[in-house]
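Here is how the chains run, residue by residue.
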Amino acid sequence: MRHKLILFFVMLLGVLMLAACGGGSQEDVLQDLNDKWNDVKGYELDATMEIKTGTEPRVYDVNVWHTEPEFYRVKVTQQGEDVTQMIIRNDEGVFVVTPSLRKTYKFQSEWPKQNSQAYLIGALAEDLLADEGATMEEDDKNYIFTAATRNNHKSIMPTQKIVVDKKTMLPTSVSVVNEAQEEQMVITFKNIDLGMQHKKSEYAVENFSESSEEEKASASADVPTEFQTYYPNLNWDNTKLADEEAVMENGTERVILTFEGEKSFTLVQQPVEYGETATLPVYAPGDPADLGFTIGAITENSISWERDGVSFFVASNTLTQEEMVEVAASVTTGGLK
């Protein structure tokens, strides 16, 4: 009897030790995360987003509101620039608001369902569940997941590494990498308030359409006094610049670049034009496209965006949406590369 009691206690101690050392299988942890991040009435979070794809890293402050069922407000401000853009989803539709330019665009879109973003924690949970090849590692404090991305950047940034705090079961950072495993985008979560709900009236577009004097001054400074031509920096061997044309229309210079080859497209650029008012939305085709450095609009055959005081438009019958995003991300001033 004594031998049996000793054996029982040894087995019990082993079970307790195993329970203390492990937090469950990957499937269990993923289900717990999905339940925690999605089964809430709403949330608010603050994060920083660092974009490393340009010549110099850019850092943005991101503030997200989400209230069930489909209300979102994503506010993105570049540090040191005082210029803000917002994506808003309410009962009336999906909007992109740039107060400093007095511009509001309205989309007939299901955003964010078809375009996952790393700062939307519900979308992060869905990314993990959607990828059958997702892997999980862990250390003393964190779960570290590696999974495929599901947004407009997935062709050039195919993989994301998501770090989750074991104690809070909330994400602390997301690193998005290219095929060479080089960091291209880093999201660092500073605060996540689960259960935080905003009233429907707080998502009204007119609440956010007026810019501050600082934003107006910063936006005016971004408009180039001398228009420079921007070129895409792409490693596409069989696509070459075939024609470059500058035209004047109503006193505004417009540059049209035509690229021919296996991946042909046209890039049109001109100085940004300020809207007369931000309270009257302009209907835009396609879906909002978070390009990291700005929020644009994407369709099956085109992508448009505004950056550094310049308005850009890419049209193509041969490029995929991911390839158009690659073009947009590569555009820079200077000589053709």
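Residues numbered from 1 in each chain as written. Predicted model: local features only at pLDDT ≥ 70, side-chain atom pairs only at ≥ 80, totals over all residues. Heavy atoms only, no water.

Going by an unreviewed UniProt entry, the protein chain carries the name Outer membrane lipoprotein carrier protein LolA and comes from Ureibacillus aquaedulcis.

Engineer: Before we go on, may I ask you to explain helix 3 (residues 121–130) in this structure?
Structural biologist: A turn of α-helix holds 3.6 residues, and therefore any two residues three or four places apart point the same way. Most of helix 3 is tucked away, with seven of its 10 residues classed as buried. Those residues of helix 3 hidden inside the fold are in contact with helix 2 (26–38), strand 1 (42–51), strand 8 (142–148), strand 9 (159–165), strand 10 (171–177) and strand 11 (183–194). (Buried < 20%, exposed > 50% of the residue type's maximum accessible area, 1.4 Å probe, protein only. Helix = DSSP H or I, 4+ residues; strand = E, 2+ residues; numbered from the N terminus. Contact = heavy atoms within 4.5 Å.)

Engineer: Looking at this structure, I do not really get the pattern of salt bridges. What am I missing?
Structural biologist: Pairs can form between side chains of opposite charge once their charged atoms are near each other. A full pass over the atoms with the stated rule returns 13 salt bridges. Between R58 and D308 there is a salt bridge; the shortest N-O distance is 3.5 Å. Linking R58 in strand 2 (residues 58–67) with D308 in the loop between strand 19 (302–307) and strand 20 (310–315), this pair joins segments that are 250 residues apart in sequence. Close ionic contact of E70 with R89 constitutes a salt bridge, the shortest N to O distance being 3.9 Å. Of the two residues, E70 sits in the loop between strand 2 and strand 3 (71–78) while R89 sits in strand 4 (residues 84–90), which places them 19 residues apart along the sequence. The structure contains a network of salt bridges with shared partners spanning R58, R307 and D308. (Salt bridge = Lys/Arg side-chain N within 4 Å of Asp/Glu carboxyl O.)

Engineer: Mind showing me how you'd approach the packing of aromatic side chains here?
Structural biologist: Two measures describe an aromatic ring pair: the distance that separates the ring centres and the angle between the ring planes. With the rule as written, the count across this model stands at nine aromatic pairs. For the ring pair W236 and F265, a centre distance of 6.3 Å and an interplane angle of 90° mean the geometry is edge-to-face. One end of the pair, W236, is in the loop between strand 12 (230–232) and strand 13 (239–249); the other, F265, is in strand 15 (residues 265–271), and 29 residues separate them in sequence. Both residues of the pair, W236 and F265, count as buried. Through a chain of ring-to-ring contacts, three or more aromatic side chains come together here, namely W65, F71, Y203 and F208. A cation sits over an aromatic face here: K166 above Y143, 5.3 Å from the ring centre. Directly above the ring of F293 sits R307, whose terminal nitrogen or CZ lies 4.3 Å from the centroid. (Phe/Tyr/Trp six-rings, centres within 6.5 Å; stacked < 30°, edge-to-face > 60°. Lys NZ or Arg CZ within 6 Å of the ring centre and 35° of its normal.)

Engineer: What's the story with the sheet that holds strand 6 (residues 103–107) in this structure? I'm lost.
Structural biologist: Across a sheet, strands are paired by hydrogen bonds formed along the backbone, either parallel or antiparallel in direction. Strand order in the open sheet made by the 12 strands is 7-8-9-10-11-1-2-3-4-5-6-16, with mixed pairing throughout. Edge positions in the open sheet fall to strand 7 (135–138) and strand 16 (282–283), since each of these has one partner strand only. Note: strand 3 against strand 4, six bridges, orientation antiparallel. Looking at the pairing, V74 lines up with I87 of strand 4. Along the sheet, helix 2 makes contact with strand 7, strand 8, strand 9, strand 10 and strand 11, crossing strand 8 at roughly 90°. (Pairing = 2+ DSSP bridges. Axes fitted to C-alpha atoms, helices over the stretch in contact; angles between N-to-C directions.)

Engineer: Please explain unusual backbone geometry as it appears in this structure.
Structural biologist: Excluding glycine, residues mostly have negative phi values, and the peptide bonds linking residues are mostly trans. Along the chain, E68 connects to P69 via a cis peptide bond; the corresponding omega equals 0°. For P69, the location among the structural elements is in the loop between strand 2 and strand 3. Residue P112 is bonded to the preceding W111 through a cis peptide linkage, with omega at 10°. Here P112 is to be found in the loop between strand 6 and helix 3. Phi at M169 takes a positive value of approximately 55°, unusual for a residue other than glycine. Locating M169 in the fold gives a position in the loop between strand 9 and strand 10. Under the relative-accessibility criterion, M169 is labelled buried at 16%. Although it is not a glycine, N250 adopts a positive phi angle of roughly 55°. Structurally, the position occupied by N250 is in the loop between strand 13 and strand 14 (252–261).

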